[in-house]
Amino acid sequence: MTKLMTRRVFLATTGALALFAASLAPQHLMAQDKPVIRMSTPASDTDQRSVALATVFGPAIADFASYQPHYNSSLIAQGSELEAIASGDLEMSITSAQELANFFPEFSIFATGYVHQSAAHQVKVFNDPLMDPFKQKVEDELGIKLLAVMYLGKRHVNLRFPRSERDVMTPADLAGVNLRMPGSDAWMFLGKAIGANPTPVAFTEIYTALQTGAVDGQDNPLPTVVDAKFYEVTKQVSLTAHLVDLNYIALSKTVWDGLTAEQQAAVQKAADDTAETARQGQLAKEEELVAFLTEQGLDVYEPDLAAFRSHVQAQYVGSEFAKAWPEGVLDQINALGD
């Protein structure tokens, strides 16, 4: 009841703040009569998502809007982007299903281990009518339009222990391992589901936490492991592929509604093209990185995926997260699979 009331109070408050912010029409959000679309992301400027947004999205909307990226959570603290958009303090971000599940528990289905099967499956699911009620609820209650799905990669377990000390072949091998996870309930549940002790740490603090032993490991796609240089402070990667991870390109509905129909079409196409560019870049990069990480001295190996899959799915059956899933949606998602 407390969480529900908190959510209702937040939504009411941010709705009022958004109206107030809109009435002020701040000059810093206009550039030569063009709206400034500020993107806040915890990712670096070399991340595939960041590169695609800067090279595809920004130029595609340049005729009628000014795209302004802010990396490494330098504008808005990680985890606060949705609130910032809802309150009118930010125009754009990339958000996860896990973050959305904090407001709408049904979104946890898209953050469940072994539900999405591939990058292509993610796109099929996002563009299917089954997603319409999910998207509409985010628009109606947070004032945020989800434009496209971005492939973040398959998340794997990356530990600072050598394999000789901790050989991760089944979930039982992660018992007692303090595995860094983002701080939402959905992320914490996933960490437990794969057998670890989930420990919340901000993305920008992961490297130091691994270096000092504050955590034993972290889970991210291989491109993130390399981009953030986690391989410098870890010894192995168990290719658990426990989550085919994603982000949604999230835009303020107020900004969207202020565009002409032609501009809206251009923004949507820009988002779709950006997501596809980032997706292909991420897939290509994943293929190259096993060899790179091995060259850096890490053990990279595949565990017993069947053991992980059966264990993780069993954890969700009857859980509080599964109770929030709309009836039949999981079957629809599975039917769209490879």
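All values reported here derive from a predicted model rather than from experimental measurement.

Visitor: Looking at this model, I keep getting lost on the pattern of salt bridges. Mind explaining?
Guide: Once the charged atoms of two side chains with opposite charge are near each other, the side chains can pair. Within this structure, the stated rule accounts for 11 salt bridges. Its salt-bridge partner being Glu139, residue Lys145 comes within 3.3 Å of it at the nearest N-O pair. Given a relative accessible area of 15%, Lys145 falls into the buried group. Of the charged contacts in the structure, one is a salt bridge between Glu276 and Arg279, with a shortest N-O distance of 2.5 Å. Of the two residues, Glu276 and Arg279 are both situated in helix H11 (residues 261-295); the distance of 3 residues between them amounts to about one turn of the helix. Residue class for Arg279 comes out buried when judged on its relative accessible area of 7%. Each of Arg155, Asp219 and Asp245 takes part in salt bridges that share partners, so that together they form one network.

Visitor: Just checking my understanding: could you explain the environment of Pro42 for this structure?
Guide: Topologically, Pro42 is positioned in the loop between strand S2 (34-40) and helix H2 (48-60). C-alpha separation for the pair Pro42 and Thr204, spaced 162 residues apart in sequence, amounts to 7.4 Å. If sequence neighbours within four positions are ignored, Pro42 has contacts with Asn72, Ser73, Gln78, Glu81 and Phe203.

Visitor: Looking at this model, I keep getting lost on helix H12 (residues 305-316). Mind explaining?
Guide: For the α-helix, the turn length of 3.6 residues means that residues three or four positions removed from each other point alike. With 12 residues, H12 should cover 16 Å at 1.5 Å per step; its first-to-last C-alpha distance of 17 Å lies within 8% of that length. Buried-residue contacts for H12 involve helix H7 (185-193), strand S9 (236-252) and helix H13 (320-323). Capping of H12 at its N-terminal end is provided by Asp304; its side-chain oxygen lies 3.3 Å from the backbone amide nitrogen of Ala306.

Calculation rules
Residues numbered from 1 in each chain as written. Predicted model: local features only at pLDDT ≥ 70, side-chain atom pairs only at ≥ 80, totals over all residues. Heavy atoms only, no water. Salt bridge = Lys/Arg side-chain N within 4 Å of Asp/Glu carboxyl O. Buried < 20%, exposed > 50% of the residue type's maximum accessible area, 1.4 Å probe, protein only. Helix = DSSP H or I, 4+ residues; strand = E, 2+ residues; numbered from the N terminus. Contact = heavy atoms within 4.5 Å. Expected span 1.5 Å × (residues − 1). Polar contact = N/O pair within 3.5 Å; in protein donor to acceptor, adjacent residues only side chain to side chain.

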